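Structural overview for review
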Amino acid sequence: IVGLADTGVAFDHAELADRVRRGFDTVDLSASLVGDMPLVGDNSGRDEDADDEVGHGTACAGILRADGRHLPPGGAGRCALTPARVLGAGIAGGKRVGVGALSDIDAGMKRLIDLGMRVINMSFGTAESELRPGDPPPHEEVVRYAHARGVVLVAASGNSGREERYFPAAADGVIAVGAVDEEGGPCRFSTRGEHVALCAPGRNIWTSGMAGYQRVSGTSFAAPFVSAVCALLLARAERRAWPLPPDLLAEILVGTVRPFAQAQVAGCGVGIVDALAALRELDARIDASLSGSES
């Protein structure tokens, strides 16, 4: 099961209806937390309503779990998807954007972990430059909680285009994902750094939207491609009754990437995620392990 910690999901979307599990809402914002940004929609009182009011989570859900009517089928195949609405809706630049409190996000993350998610997609974050001196890295405690329970965490690297740390992507043990364009080159907006593990498509992605379909760009939409591959690897390992801990999964992911379109790319990880190559490598390792035990 994949957990989607985001703005929720449009459950009645033709691509997602009957393909997404019931979710929940941990958003409980007040005006004092968001400054001058106007809040809209359901932003107080945690409940069981994970309906999207922004479109960000719905876009990620389409990449993971679309039915395939007017989109490619979701990359996670038949793996289940549970949405957690951890980000509410605010108005910035004349459009709706996701906004949330760290405590609300962490509460949603913990609940996903306790519900048994094997993979959690985190297409949100905070730049290290936005922290006050002495502040701990955001989400540090819930990341440790996930690691202790064998949960694979995948996060967007950020969209600043600079080399900087962006949390939770920069947290130890989190698979940080940058974005590449249609030609296989890193997107100019993709945040870079030594912590970035690999990249995935992240520009002009055709996916589900609040009013039908939309094209989206950002590392937010690269991360679900990697989460989908993680889910497929875990499902394959489970089908073959073989344990796949997060560190070994990450090793397989980064060891089977496709190269970037240009040489000497720095700060964007080792290459572009390759689902088929990763699945083949997993099978090869399982086969080698079994033949070794028989001998």
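In what follows, the accompanying structure is described. Everything quoted here is computed from the prediction, not taken from an experiment.

1. Points about the sheet that holds strand β3 (residues 39-40)
Across the sheet, 3 strands lie side by side as β3-β5-β6; this open sheet has antiparallel pairing. At either margin of the open sheet sits one strand with a lone partner, and together these are β3 and β6 (95-99). When strand β5 (residues 88-92) meets β6, the two strands line up antiparallel, connected through 5 bridges. What sits directly across from Gly-90, in β6, is Val-97.

2. Things to note about the sheet that holds strand β12 (residues 196-201)
Strand order in this open sheet of 7 strands is β2-β4-β1-β7-β9-β11-β12, and the pairing throughout is parallel. Of all strands in the sheet, those bounded by a partner on one side alone are β2 (24-25) and β12. Where β2 lies against strand β4 (residues 81-85), 2 bridges are found, and the strand directions are parallel. For Phe-24, the partnering residue across the bridge sits in β4 and is Ala-84. Its contacts with the sheet place helix α6 (residues 246-255) against β9 (152-156), β11 (175-180) and β12, and it is angled at close to 25 degrees to β11.

3. Things to note about the pairing of strand β14 (residues 212-216)
Two strands pair when backbone bridges link them, and strand β13 (residues 205-209) and β14 are joined in this way by 5 bridges, in the antiparallel orientation. Following the sheet pairing, Ser-208 is matched in β14 by Tyr-213. The turn joining β13 and β14, which pair antiparallel and follow one another in sequence, is formed by 2 residues.

4. A few points about the side chain of Thr-191
When you line up the elements, Thr-191 lands in the loop between β11 and β12. By relative accessible area, which is 1% here, Thr-191 ends up buried. With residues up to four places along the chain from it excluded, the contact list for Thr-191 reads Ser-157, Gly-158, Asn-159, Ser-160, Gly-161, Arg-162, Glu-164, Val-196 and Gly-267.

Reading guide: rules and limits
- Residues numbered from 1 in each chain as written.
- Predicted model: local features only at pLDDT ≥ 70, side-chain atom pairs only at ≥ 80, totals over all residues.
- Heavy atoms only, no water.
- Pairing = 2+ DSSP bridges.
- Helix = DSSP H or I, 4+ residues; strand = E, 2+ residues; numbered from the N terminus.
- Contact = heavy atoms within 4.5 Å.
- Axes fitted to C-alpha atoms, helices over the stretch in contact; angles between N-to-C directions.
- Buried < 20%, exposed > 50% of the residue type's maximum accessible area, 1.4 Å probe, protein only.

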